[in-house]
Amino acid sequence: MSEDTKVQAELRENFGKGFARRLRATGKIPAVIYGHGTSPVHVALPGHQVALLIRRANVVLELDLDGKEQLTLVKDVQKDPVHQIIEHIDLLVVKKGEKIQVDVPILVEGEPAPGTIANLDAVSIALEVEATHIPEHILLDVEGLEDGTHITAADLSLPRGATLVADPETLIVAISVPSAALAAEAEIAETDAAVAAGQSEESSEEAGEAAAE
């Protein structure tokens, strides 16, 4: 665990929308901890620190709760749909060495062959990993890949200790020529064909005139 994921949490005994609103007004975020057969524990978290941490997917927070350490995975974040203020966070209890299933983001790098684009069909992939060693993302290099190339989940390079949970045949990236480019190529081909046909007619007419003379 890194130092920046250590969070001072406070137990809370008051609930309801009114209390949650007053709590957020003081710069704190209401949250609930659950899992491993334990009763839900309601806590308050430091708003600014946690808001920065949860920018990363699948972040594990090392909570200091009344002097006791508790590892928790950020499972769900509820935000105000208009102002995007964090209203509540669900935290799942995890243990060191425990394997859990998470959706890990896929990050595409590189440029495919000239005239083509990389279409990302799946933005994340389900993996089984150690709770304290969740990768931030899976890197996928598409440098130089040609039109028609398909990359599936089975083709991904997974970090050590990670196991694929998703269907191995899940399509991740497809390399293709943009439809606009295809349309332009077709138009050029039609124009060339029309020009060729026109030249052929002119040649036929010239040949006919020459024969008549």
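Remember, predicted model here, so these are calculated numbers, not experimental data.

How each quantity is defined
Residues numbered from 1 in each chain as written. Predicted model: local features only at pLDDT ≥ 70, side-chain atom pairs only at ≥ 80, totals over all residues. Heavy atoms only, no water. Pairing = 2+ DSSP bridges. Helix = DSSP H or I, 4+ residues; strand = E, 2+ residues; numbered from the N terminus. Axes fitted to C-alpha atoms, helices over the stretch in contact; angles between N-to-C directions. Contact = heavy atoms within 4.5 Å. Salt bridge = Lys/Arg side-chain N within 4 Å of Asp/Glu carboxyl O. Buried < 20%, exposed > 50% of the residue type's maximum accessible area, 1.4 Å probe, protein only.

1. Some thoughts on the sheet that holds strand β6 (residues 86-93)
Sheets are built from strands that pair by backbone hydrogen bonding, the pairs being arranged parallel or antiparallel.
Point 1. The mixed closed barrel is built from six strands, whose spatial order is β1-β3-β2-β6-β5-β4. Recorded for the sheet is a direction-independent mean angle of 45° between the axes of neighbouring strands.
Point 2. Strand direction decides the pairing type here: strand β1 (residues 6-11) and strand β4 (residues 60-65), joined by four bridges, are parallel. By the bridge assignment, lysine 6 is partnered in β4 with glutamate 62.
Point 3. Of the strands in this sheet, β2 (28-35), β3 (38-46) and β6 touch helix α1 (residues 17-25), which is tilted by about 120° from β2.

2. Regarding the pattern of salt bridges
Point 1. Tallied over the full model, the rule gives two salt bridges.
Point 2. Here aspartate 4 makes a salt bridge to arginine 56, at a shortest N to O gap of 3.9 Å. Taken together, the residues aspartate 4 in the segment before β1 and arginine 56 in the loop between α2 (47-53) and β4 connect sequence positions 52 residues apart.
Point 3. Taking the relative accessible area as the measure of exposure, aspartate 4 reaches 41% and is therefore partly exposed.
Point 4. Glutamate 10 serves as the salt-bridge partner of lysine 28, at 2.8 Å between the closest nitrogen and oxygen. With a gap of 18 residues between them, lysine 28 in strand β2 and glutamate 10 in strand β1 connect regions that are remote in the sequence.

3. Considering unusual backbone geometry
Point 1. In this model, histidine 36 sits at a positive phi of 55°, which is unusual for a non-glycine residue.
Point 2. For histidine 36, the position within the fold is in the loop between β2 and β3.
Point 3. Given a relative accessible area of 44%, histidine 36 falls into the partly exposed group.
Point 4. Not every positive phi belongs to a glycine, and glutamine 84 is a case in point at roughly 60°.
Point 5. By the element assignment, glutamine 84 lies in the loop between β5 (68-79) and β6.

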